[in-house]
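# Observations on the model geometry
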Amino acid sequence: MSRLNVVNGMAMLSYINQNNIDLGGEVVPFNEGMCDGETIEDIFSGEFELERCVAHGVGVEEYEDIVINPLAPLFSFEYDELHLFFDEDMFCQINLITLLAYLDSNAYDGKIALHLIDYDFQEIKCVEIKPQGFFDVYKCVLIDKKIPETILPDIMMDAVINYLEYSKEDNELTQFVKENIDLQENELLDEMFNRFKHLGLGDTQLQKIIDKSKFSF
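Residues numbered from 1 in each chain as written. Predicted model: local features only at pLDDT ≥ 70, side-chain atom pairs only at ≥ 80, totals over all residues. Heavy atoms only, no water.

### Considering the pattern of salt bridges
The criterion, for reference: One side-chain nitrogen of Lys or Arg within 4 Å of one carboxyl oxygen of Asp or Glu is enough to make a salt bridge. By the criteria applied, helices consist of DSSP H or I runs no shorter than four residues and strands consist of E runs no shorter than two, each listed in order from the N terminus. For the exposure calls, accessible area comes from a 1.4 Å probe over protein chains only, and a residue counts as buried if that area is under 20% of its type's maximum, exposed if over 50%, partly exposed in between.
Scanning the model with the defined rule gives seven salt bridges in all. Between glutamate 38 and lysine 145 there is a salt bridge, with the nearest N and O atoms lying 3.2 Å from each other. Placement of the pair is glutamate 38 in the loop between strand 2 (26-29) and helix 2 (46-56) and lysine 145 in the loop between helix 6 (134-143) and helix 7 (154-166), with a sequence separation of 107 residues. We classify glutamate 38 as partly exposed; its relative accessible area is 42%. A residue is classified by how much of its surface remains accessible, and lysine 145, at 27% relative accessible area, is partly exposed. The shortest N-O distance in the salt bridge between lysine 139 and aspartate 136 comes to 3.6 Å. A residue pair is termed a helical-turn pair when its members lie 3 or 4 positions apart in one helix, as lysine 139 and aspartate 136 do in helix 6 at three residues.

Right under this line is the structure:
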């Protein structure tokens, strides 16, 4: 049986390589942040790339180098098993929905194991998951910005609810910045990172929110 492991980004891939962890197959990172910006139905298509380039403010070549090229083995559909390693936070769960939607839209029928991991890259649990239905979830949540009718695991539904709040122009993050505008920027960043850890946002994303919120005053 051939196995492909998809991990939630370069940080986990580096951890695996540095600690010589053998996952029993090739390991590729999903270096996206689907919780930011807009998207379209045809996942990983040329039009999708253009839309995501706008979301991240990068050119097509840079986007392909960071996101598309590392995922090339996934697009081959030559693997009998896919093992997906993702955190429970909003950032990772929205990325996970996108990957499952892609597999659903391409009728992937191999085994898919979801490994939920914590912030130290340690496995919390592993469950088998089916991609069927996730393309509709993806369209409903990421494109239409609505709660799906599909029954989702609690962790994923919590992430969807947080994502829909995060997608608003004025959300809990921007409100927090406005209420704590007198803090030094590094203190504000630390406070946001700790308070909103469940969102899984990095320093760069939080800094953009701070800058945008301050500019709106």
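### Regarding the nonpolar core
Defined as follows: Note on terminology: a nonpolar core comprises buried Ala, Val, Leu, Ile, Met, Phe, Trp, Tyr and Cys residues joined through side-chain atoms within 4.5 Å. The criterion used for residue contact is that any of the two residues' heavy atoms lie within 4.5 Å.
Membership of the largest hydrophobic core comes to 61 residues, with the highest contact counts inside it found for Met192 and Leu201. A total of 11 residues in this core trace back to one element, the largest contributor, which is helix 5 (residues 90-105). Residues within four places of leucine 201 in sequence aside, it is in contact with Cys35, Met90, Phe91, Tyr166, Leu173, Phe193, Leu206 and Ile209. Ranked by size, the runner-up nonpolar core spans seven residues in total, among them Val7, Met12, Leu13 and Ile117.

### Section: the packing of helix 5 against helix 6
Test applied: Throughout, an axis means a line fitted to C-alpha atoms (over the contacting stretch in the case of helices), and angles, computed between N-to-C directions, take values from 0 to 180 degrees. We call two directions roughly parallel when the angle between them is under 35 degrees, roughly antiparallel when it is over 145, roughly perpendicular when it lies between 65 and 115, and oblique otherwise. Definitions for this section: a left-handed crossing has its near helix turned counterclockwise from the far helix by less than a right angle. A right-handed crossing has that turn clockwise. Residue polarity follows a fixed list, in which Ala, Val, Leu, Ile, Met, Phe, Trp, Tyr, Cys and Pro are nonpolar, Asp, Glu, Lys and Arg are charged, and the others, Gly among them, are polar.
One can describe the packing of helix 5 onto helix 6 by two numbers: an axis separation of 7 Å at closest approach and a directional angle of 135°. Comparing the axis directions of helix 5 and helix 6 gives the class oblique. Considering how the two elements wind past one another, helix 5 and helix 6 form a crossing that is left-handed. Contact residues: Ile94, Ile97, Thr98, Leu100, Ala101, Asp104 and Ser105 in helix 5; Phe134, Phe135, Val137, Tyr138 and Leu142 in helix 6. In terms of residue class, the contact of helix 5 with helix 6 is built from nine nonpolar, two polar and one charged.

### A word on the environment of leucine 84
Along the polypeptide, leucine 84 turns up in strand 3 (residues 81-87). The buried category is assigned to leucine 84, whose relative accessible area is 1%. Sequence spacing of leucine 84 and lysine 208 is 124 residues, and the spatial spacing of their C-alpha atoms is 29 Å. Discounting residues that sit within four places of it in the chain, leucine 84 has contacts with Val6, Leu96, Leu100, Ile112, Ala113, Leu114 and His115.

### Thoughts on the environment of aspartate 89
Selection criterion: Pairs of N or O atoms are called polar contacts if they sit within 3.5 Å, as long as, within protein, a hydrogen donor faces a hydrogen acceptor (for residues adjacent in sequence, only side-chain-to-side-chain pairs).
Of note, aspartate 89 is situated in the loop between strand 3 and helix 5. In this structure aspartate 89 comes out as buried when scored by relative accessible area, which is 5%. On a C-alpha basis, the gap between aspartate 89 and glutamate 128 in space is 19 Å, while along the polypeptide they are 39 residues apart. Polar side-chain contacts of aspartate 89 include one of 3.3 Å to the backbone nitrogen of phenylalanine 91.

### Thoughts on helix 9 (residues 185-195)
The following threshold applies: Here, the arc refers to the directions that run from the helix axis to the C-beta atoms.
Those residues of helix 9 that sit buried are Leu188, Leu189 and Met192. Projection of helix 9 onto a plane perpendicular to its axis shows the buried side chains occupying an angular sector of 100°, all on one side. Facing away from the buried side of helix 9 by more than 90 degrees, the exposed set consists of Asn186 and Asn194.

### Re the pairing of strand 5 (residues 123-128)
Which entries qualify depends on this criterion: Pairing between two strands requires that DSSP report at least two bridges joining them.
Here five bridges tie strand 4 (residues 111-117) to strand 5, and the two strands are oriented antiparallel to one another. Paired with leucine 114 across the strands is valine 127, a residue of strand 5. Linking strand 4 to strand 5, which pair antiparallel, is a turn of five residues; within it phenylalanine 121 sits at a positive phi near 65°.

### Thoughts on the packing of aromatic side chains
Condition: Think of it this way: a Phe, Tyr or Trp ring, Trp meaning its six-membered ring, pairs with another when their centres are within 6.5 Å, and the plane angle makes it stacked under 30 degrees, edge-to-face over 60, tilted otherwise. Think of it as a cone above the ring: NZ of Lys or CZ of Arg counts as a charge over the ring if it is within 6 Å of the ring centre and within 35 degrees of the ring normal.
Scanning the model with the defined rule gives 10 aromatic pairs in all. Aromatic side chains phenylalanine 44 and tyrosine 102 sit 4.9 Å apart centroid to centroid with 70° between the ring planes, which places their arrangement in the edge-to-face category. Remark: tyrosine 102 occurs in helix 5 and phenylalanine 44 occurs in the loop between strand 2 and helix 2; sequence separation between them is 58 residues. Taken together, a centroid distance of 5.6 Å and an interplanar angle of 85° make the contact between phenylalanine 176 and phenylalanine 196 edge-to-face. Note that phenylalanine 176 is positioned in helix 8 (residues 172-179) and phenylalanine 196 in the loop between helix 9 and helix 10 (203-215), a separation of 20 residues in sequence. Taking relative accessible area as the criterion, phenylalanine 176 reaches 7% and is therefore assigned buried. A relative accessible area of 6% places phenylalanine 196 in the buried class. An aromatic cluster is present here, built from Phe30, Phe44, Phe48, Phe75, Phe77, Tyr102 and Tyr108 joined pairwise through their rings. Sitting above the plane of the tyrosine 119 ring, lysine 197 keeps its charged end 4.9 Å from the centroid.

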